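Next come the chains, spelled out residue by residue.
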Amino acid sequence: FLQRYRYGTQEKTNEFIKLNWTIQHGIYVVIDTISKEKSVQAGTPGNMNDWISILSLDSSWLELDVGENHFAVAAEQNISDLEVAVEFRAYYEGV
């Protein structure tokens, strides 16, 4: 569960991503929220598969604000074993 907060506050936005799946050790999950390219992939490096079905139906596709963004991560169990990285890539639509 990845929850976004408004910068400088404890106020939650209505944006979050929740996966309905127990992630096994060594498995990577990549969630891409780029417009028209949205996807959820899971697997090992070099062997990623489409797993959009593990995305909770009430999840939203997060979009970052300009500047700092704050997130909270939660899990039903083994949170200490969870590693999370958020990567931003500037994306510009063509003219």
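Residues numbered from 1 in each chain as written. Predicted model: local features only at pLDDT ≥ 70, side-chain atom pairs only at ≥ 80, totals over all residues. Heavy atoms only, no water.

Right, let's get into the overall build of the protein chain. Assigned secondary structure in the protein chain consists of zero helices and six strands. Secondary structure of the protein chain in N-to-C order comes out as β-β-β-β-β-β. Scored against the burial criterion, the 95 residues of the protein chain give a buried share of 23%. Long-range contacts, defined here as pairs at least 24 residues apart, represent 45% of the contacts in the protein chain between residues at least 6 apart. Surface exposure of the protein chain reaches about 7600 Å², of which carbon and sulfur atoms provide 49%. (Helix = DSSP H or I, 4+ residues; strand = E, 2+ residues; numbered from the N terminus. Buried < 20%, exposed > 50% of the residue type's maximum accessible area, 1.4 Å probe, protein only. Contact = heavy atoms within 4.5 Å. Areas by Shrake-Rupley, 256 points an atom, 1.4 Å probe, with all protein chains shown as cover.)

Here we come to the nonpolar core. Within the largest apolar cluster, six residues are counted, these being Ile17, Leu19, Val40, Ile54, Leu55 and Leu62. The contact partners of leucine 55, leaving out residues within four places of it in the chain, are Ile17, Lys18, Leu19, Asn20, Val40 and Trp61. (Core = buried A, V, L, I, M, F, W, Y, C linked by side-chain atoms within 4.5 Å.)

Let us now look at the confidence of the model for the protein chain. Averaged over all residues, the pLDDT of the protein chain is 79; the fraction at 70 or higher stands at 85%. Confidence, expressed as mean pLDDT per element, reaches its minimum in the protein chain at strand E1 (residues 2–5) with 62 and its maximum at strand E5 (residues 47–50) with 93. (pLDDT = per-residue confidence, 0-100.)

The subject of this paragraph is the packing of aromatic side chains. Applying the stated criterion to the full structure yields one aromatic pair. Ring geometry for tryptophan 21 and tryptophan 51: centres 5.0 Å apart, planes at 25°, overall stacked. Of the two residues, tryptophan 21 sits in the loop between strand E2 (12–17) and strand E3 (28–32) while tryptophan 51 sits in the loop between E5 and strand E6 (70–73), which places them 30 residues apart along the sequence. Relative accessible area serves as the criterion here: at 29%, tryptophan 51 is assigned to the partly exposed category. (Phe/Tyr/Trp six-rings, centres within 6.5 Å; stacked < 30°, edge-to-face > 60°.)

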